[in-house]
Amino acid sequence: MQHVDILLINIGQLLTMESLGPRAGKEMQKLPMIEDGLVAISKGKIAYIGTSDSRNDFKADIIIDCEGKLVTPGLVDPHTHVVFGGSREHEMTLKQQGIPYLDILKQGGGILSTVTKTRDVSKEDLYKKARFHLDRMLSHGVTTIEAKSGYGLDRQTELKQLKVAKQLNETHSIDLVSTFLGAHAIPKEYKEEPEAFLQEMLAILGQIKTEELAEFVDIFTETGVFTVEQSRKYLAEAKALGFDLKIHADEIDPLGGTELACELCAVTADHLVGASDEGIKRLAESGTIAVLLPGTTFYLGKDTFARARKMIDEGVIVALATDFNPGSCPTENLQLIMSFAALKLKMTPEEIWNAVTINAAHAINRGDVAGQLVIGRQADLVIWDVPNYQYLPYHYGVNHANTVIKRGEIVSKRSNHPDSIVVSKK
Ligand SMILES: N=CN[C@@H](CCC(=O)O)C(=O)O
Ligand SMILES: [Zn+2]
């Protein structure tokens, strides 16, 4: 009989999501699952996965009776702007008046108003604020995220954001993968000189590399922000310095950022609401992962969403993310995004689960550690208060996470609740 730290028994559906690589197109319909499952956890890792038939092979310090609920890998959120100062609730009235997102930015608001707040806040307060948002993500079942800078637009503040993300990665249960998004908007000091500004941002990359502050470089390729040409040059230089690439592509206007992402072999192209037929074809050919953000499209009040069905039908690898940020998507709740994916992107439950686990992990180069439950891997998993995997996107707008386990530790648990699961100590 093997002695382990935690034993999860009586799991109704256990989604292991096991896969050698990301799932593309029709493969996303696959959902490796064990019914009446069991998971044994030892020293932070998954020691065994199987069915309840093996129950008597294990002794454990903690036994969790999952009461027939769903258990999945911890969710991965591969596109967030979690480190920022202030908030932008005053923009709600402007939105209601029909003022477009890019017009608010043009008038010095939007991203630029968050830049002022982020420049003004101390590193300590920035850390505390981001930690608050991370706690909320964790309680919603998210155990790994990507975190972008991009609200500094100057050396000092961009580094402050990245250092806060690094510190959070060391201290918080959530694993953070950092992206440098210095090219997020043109600050007022450089209003007429976008190219000089991009040079200024490129000049920070040396220090970012030496201090290991980011793995990815990203740019907002959009009308009134950076052109495709400027983005190509900027990203090519970042790539030459050893960074992996991401692009905020074709979010509002279809400029061709999707094609650029494929041309530069970016790991992901994000948003893609206006991606062209040609762009979608190239995503499928290149293996650049489409990170779709339907919460943002919803929050911007748009009627047209990214063409997820066409992407999946043509063989693209699709991941989903919150895009958590203070302007275009202020929610930490990736479960809500799963519901939007069902309702607005017409993705099936199977595709959605692949998009927030295995594919999301690959979107941030963590396919080897996160997004699937496999013996020997770090034990990041969630017990959900739902009877099956289809239920979660269906019952929307609430938090279904009951218990969240990160590296073998129970880090969030719904307690004093009639549906709270039973954790019994030996
Ligand atoms: N579009 C650019 N960046 C963010 C929004 C940032 C903001 O509005 O503060 C996004 O991905 O939606
Ligand atoms: Zn974004």
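Above this text you will find the structure in question.
Residues numbered from 1 in each chain as written. Chains lettered and ligands numbered in written order. Predicted model: local features only at pLDDT ≥ 70, side-chain atom pairs only at ≥ 80, totals over all residues. Heavy atoms only, no water.

## Looking at the overall build of the protein
The test is simple: Each helix corresponds to a stretch of at least 4 residues labelled H or I by DSSP, and each strand to a stretch of at least 2 residues labelled E; elements are numbered beginning at the N terminus. Radius of gyration: C-alpha atoms only; globule rule: 2.2 Å multiplied by the number of residues to the exponent 0.38. The buried label goes to any residue with under 20% of its type's maximum accessible area, the exposed label to any with over 50%, and the partly exposed label to all in between, with areas taken from a 1.4 Å probe on protein chains only. In what follows, a contact means two residues having at least one pair of non-hydrogen atoms within 4.5 Å. Each accessible area is a Shrake-Rupley estimate made with a 1.4 Å probe; only the visible protein chains count as cover when residues are assessed.
Along the protein, the regular secondary structure elements total 16 helices and 17 strands. For the protein, the C-alpha radius of gyration of 21 Å lies close to 22 Å, the compact-globule estimate for 426 residues. Dimensions of the protein, computed from C-alpha atoms along their principal axes, come out at roughly 70 × 45 × 45 Å. In the protein, buried positions account for 59% of the 426 residues. Taking contacts inside the protein between residues at least 6 apart in sequence as the whole, the part at least 24 apart equals 74%. On the protein, roughly 16300 Å² of surface is accessible, and the fraction owed to carbon and sulfur atoms is 50%.

## Observations concerning the site of ligand 1
Just so we agree on the cut-off: One heavy atom suffices: a residue is near a molecule or strand as soon as one of its heavy atoms comes within 4 Å of it. Polar contacts here mean pairs of N or O atoms no more than 3.5 Å apart (in protein, one a potential hydrogen donor and the other a potential acceptor; neighbouring residues in sequence count only if both atoms are side-chain atoms). For this classification, the nonpolar set comprises Ala, Val, Leu, Ile, Met, Phe, Trp, Tyr, Cys and Pro, the charged set comprises Asp, Glu, Lys and Arg, and every other residue, Gly included, is treated as polar.
In the vicinity of ligand 1 lie 16 residues, with Y101, Y151, E251, D323 and S328 positioned nearest. In the environment of ligand 1, an oxygen atom lies 3.0 Å from a nitrogen or oxygen atom belonging to the side chain of H248. One nitrogen or oxygen atom from the side chain of D323 is found 2.7 Å from an oxygen atom belonging to ligand 1. Residues that form the shell around ligand 1 fall into these classes: 4 nonpolar, 9 polar and 3 charged.

## Side note on the coordination of the zinc ion (ligand 2)
So the rule is basically this: Metal donors were taken as nitrogen, oxygen and sulfur atoms no farther than 2.8 Å from the ion, or 3.2 Å where the ion is Na, K or Ca. Water is excluded, so coordination may look unfinished.
Only H79 (NE2), H81 (NE2), H248 (NE2) and D323 (OD) from the protein reach the zinc ion (ligand 2) as donors, at distances of 2.0 to 2.6 Å. One chain supplies every donor to the zinc ion (ligand 2), and in sequence these donors are spaced H-x1-H-x166-H-x74-D. H81 matches H79 in its accessibility class, with the two residues each being buried.

## Points about the nonpolar core
The line we're drawing: Here the nonpolar core consists of buried residues drawn from Ala, Val, Leu, Ile, Met, Phe, Trp, Tyr and Cys, with membership extended through side-chain atoms lying within 4.5 Å.
Core analysis: the biggest nonpolar cluster contains 101 residues, and F180, I208, Y234, L292, M347 and W353 have the highest contact counts within it. Dropping the residues within four chain positions of it, I208 is found in contact with L159, L162, F180, L213, A214 and F243. Counting residues in hydrophobic clusters, the runner-up holds 18 residues, among them I6, I46, I49 and A379.

## What to know about the sheet that holds strand 10 (residues 244-249)
Rule in force here: Strands qualify as paired when DSSP identifies two bridges or more between them. Helix axes use the C-alpha atoms of the stretch in contact, all axes being lines fitted to C-alpha atoms, and the angles between their N-to-C directions lie in the range 0 to 180 degrees.
Taken in spatial order, the 8 strands of this open sheet run 6-7-8-9-10-11-12-13, and their pairing is parallel. The open sheet is flanked by strand 6 (75-77) and strand 13 (318-320), the only strands paired with a single partner. With direction set aside, neighbouring strand axes in the sheet form an average angle of 25°. As defined by bridge partners, strand 12 (residues 289-292) adjoins strand 13 across 3 bridges and the pair is classed as parallel. For A290, the partnering residue across the bridge sits in strand 13 and is V318.

## Comments concerning the pairing of strand 7 (residues 142-148)
Burial analysis of strand 7 places 7 of its 7 residues in the buried class, which makes it a mostly covered element. Here strand 6 runs beside strand 7; their pairing, made up of 3 bridges, is parallel. Considered in strand 7, the bridge of V76 is made with T144. Here strand 7 pairs with strand 8 (residues 175-183) via 5 bridges, running parallel. Paired with A147 across the two strands is S178, which belongs to strand 8.

Note that every value here comes from positions in space, so none of it alone points to a role or purpose.
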